[in-house]
Amino acid sequence: MTVAESAAESESASESESASESESESDADADADMTVRDAVSAPDADGRPRRTTRRFPLFTRDTARPEGGGRAAPRDAPAPARQWPILTVLAAVGLGLLLTALDVFRAGTILIGAALIAGAVMRWVLPSVGMLAVRSRFTDMVTYGVLGVVIVLLALMAQPKPVLVIPFLDDTLHFTVR
C-alpha cells in the first residue's frame, strides 16, 4: 500500500465519521419529533413509527372490556341495579342450591341449569349486561347455554325414577361397569 492510498483511506474514514456524527444528530432530532400514534405501533428499521400488525401486543398493561360489558342501567342508578343481569342469575342459582340442600334435588338442579340458560339468553338479547359479560358475546352464550343444557339433562336423567331415559347411555354404563 502506498502513502497516497493510506492518506486517501484516512480522509474517507474521517469523512464517514463526520457523516455519521451528523446522521446521529439528525437521528436525535428525528427521535425528538417521533411520536407513536397508537399502542401497536413500533419503529421500523429507519426509526420511523409504523403500524406493524393489527394484532394486540403480546404483553398488555390493561385488559379490554368484553363486548356488551357496560352498565346494564344508567350511571346514577345504585350498583345492584346496574348489575341486575348477573344478580338475577346468581339469585336463581342460589335458590337452586338451597332447594338441592333441602332434598329437592331434581327441582334444584333444573333451576340451576335454567338460570344458566337464562344468562345465555340475556347475553344474546341485551346490548349491555354488566358483569355477566366475561368473554366475547358468542363465547359467553355458548358457555352458559351448553352448561345449562347439560345440567338440566343430567338432572332429568338422575336416579331414582329418571324423567328422561336415553337407552344408549344405559347400555354404555352397563358395558363399562360389567
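Please read all numbers here as calculations on a predicted model, not as lab measurements.

Calculation criteria
Residues numbered from 1 in each chain as written. Predicted model: local features only at pLDDT ≥ 70, side-chain atom pairs only at ≥ 80, totals over all residues. Heavy atoms only, no water. Helix = DSSP H or I, 4+ residues; strand = E, 2+ residues; numbered from the N terminus. Expected span 1.5 Å × (residues − 1). Buried < 20%, exposed > 50% of the residue type's maximum accessible area, 1.4 Å probe, protein only. Arc of directions from axis to C-beta. Contact = heavy atoms within 4.5 Å. Core = buried A, V, L, I, M, F, W, Y, C linked by side-chain atoms within 4.5 Å. Patch = residues over 30% accessible without salt bridge, like charges linked within 9 Å, V, L, I, M, F, W, Y side chains within 5 Å. Areas by Shrake-Rupley, 256 points an atom, 1.4 Å probe, with all protein chains shown as cover. Salt bridge = Lys/Arg side-chain N within 4 Å of Asp/Glu carboxyl O. Polar contact = N/O pair within 3.5 Å; in protein donor to acceptor, adjacent residues only side chain to side chain.

1. Let's talk about helix α5 (residues 137–157)
Taking 1.5 Å of rise per residue, the 21 residues of α5 would be expected to cover 30 Å, and the 30 Å separating its terminal C-alpha atoms lies within 8% of that figure. Where α5 is concerned, the buried positions are Arg137, Asp140, Tyr144, Gly145, Gly148, Val152 and Ala155. All buried residues of α5 lie within an arc of 110 degrees about the axis, which places them on one face of the element. Summarising the geometry of α5, the exposed residues directed more than 90 degrees from the buried face are Phe138 and Leu154. Elements in contact with the buried residues of α5: α4 (105–125).

2. With respect to the nonpolar core
Ile86, Val89, Val93, Ile112, Ala115, Leu116, Ala120, Met122, Val129, Leu132, Ala133 and Tyr144 together form the largest nonpolar core, which totals twelve residues. Those elements that place two or more of their residues in this core are α3 (84–101) and α4. Per-element tally for this core: the top contributor is α4, with five residues. Other than its neighbours up to four places away in sequence, Val89 contacts Ala115, Gly119, Met122 and Leu132.

3. Here we look at a nonpolar patch on the surface
A contiguous nonpolar surface patch, about 540 Å² in accessible area, is contributed by Ile117, Val121, Trp124, Val125, Val149 and Leu153. Contributing elements (two or more residues each) for the nonpolar patch: α4 and α5. Of the residues forming the nonpolar patch, the biggest block, four residues, is contributed by α4. Take Val125: it is sitting in helix α4.

4. Observations concerning the pattern of salt bridges
Pairs can form between side chains of opposite charge once their charged atoms are near each other. Per the stated rule, a full pass over the model turns up two salt bridges. For Asp140, the salt bridge is made with Arg123, and the minimal N-O distance between the two is 2.8 Å. Placement of the pair is Asp140 in helix α5 and Arg123 in helix α4, with a sequence separation of 17 residues. With a shortest N-O distance of 2.6 Å, Asp140 and Arg135 are connected by a salt bridge.

5. Remarks on α4
Over its 21 residues, α4 runs 30 Å from end to end, which matches the ideal 30 Å to within 8%, given 1.5 Å per residue. Looking at α4, one finds that the buried residues are Gly108, Thr109, Ile112, Gly113, Ala115, Leu116, Gly119, Ala120, Met122 and Arg123. Buried residues in α4 make contact with α3 and α5.

6. As for the side chain of Asp140
Exposure remark for Asp140: the relative accessible area of 0% places this residue in the buried category. Within the local environment of Asp140, its side chain forms a polar contact with the side chain of Arg123, the two groups lying 2.8 Å apart. Setting aside its immediate chain neighbours within four residues, Asp140 contacts Arg123, Leu132, Ala133, Val134 and Arg135.

7. Let's talk about unusual backbone geometry
The linkage connecting Gln159 with the following residue, Pro160, adopts the cis geometry, with an omega of -5 degrees. Counting through the fold element by element, Pro160 comes out in the loop between α5 and α6 (167–177). One non-glycine residue with positive phi stands out, namely Asp103, at about 70 degrees. Secondary-structure assignment places Asp103 in the loop between α3 and α4. Take Asp103: its relative accessible area is 70%, and that puts it in the exposed class. Positioned with a positive phi, Lys161 is a non-glycine residue whose angle comes to about 55 degrees. As for its placement among the helices and strands, Lys161 is situated in the loop between α5 and α6. By relative accessible area, which is 72% here, Lys161 ends up exposed.

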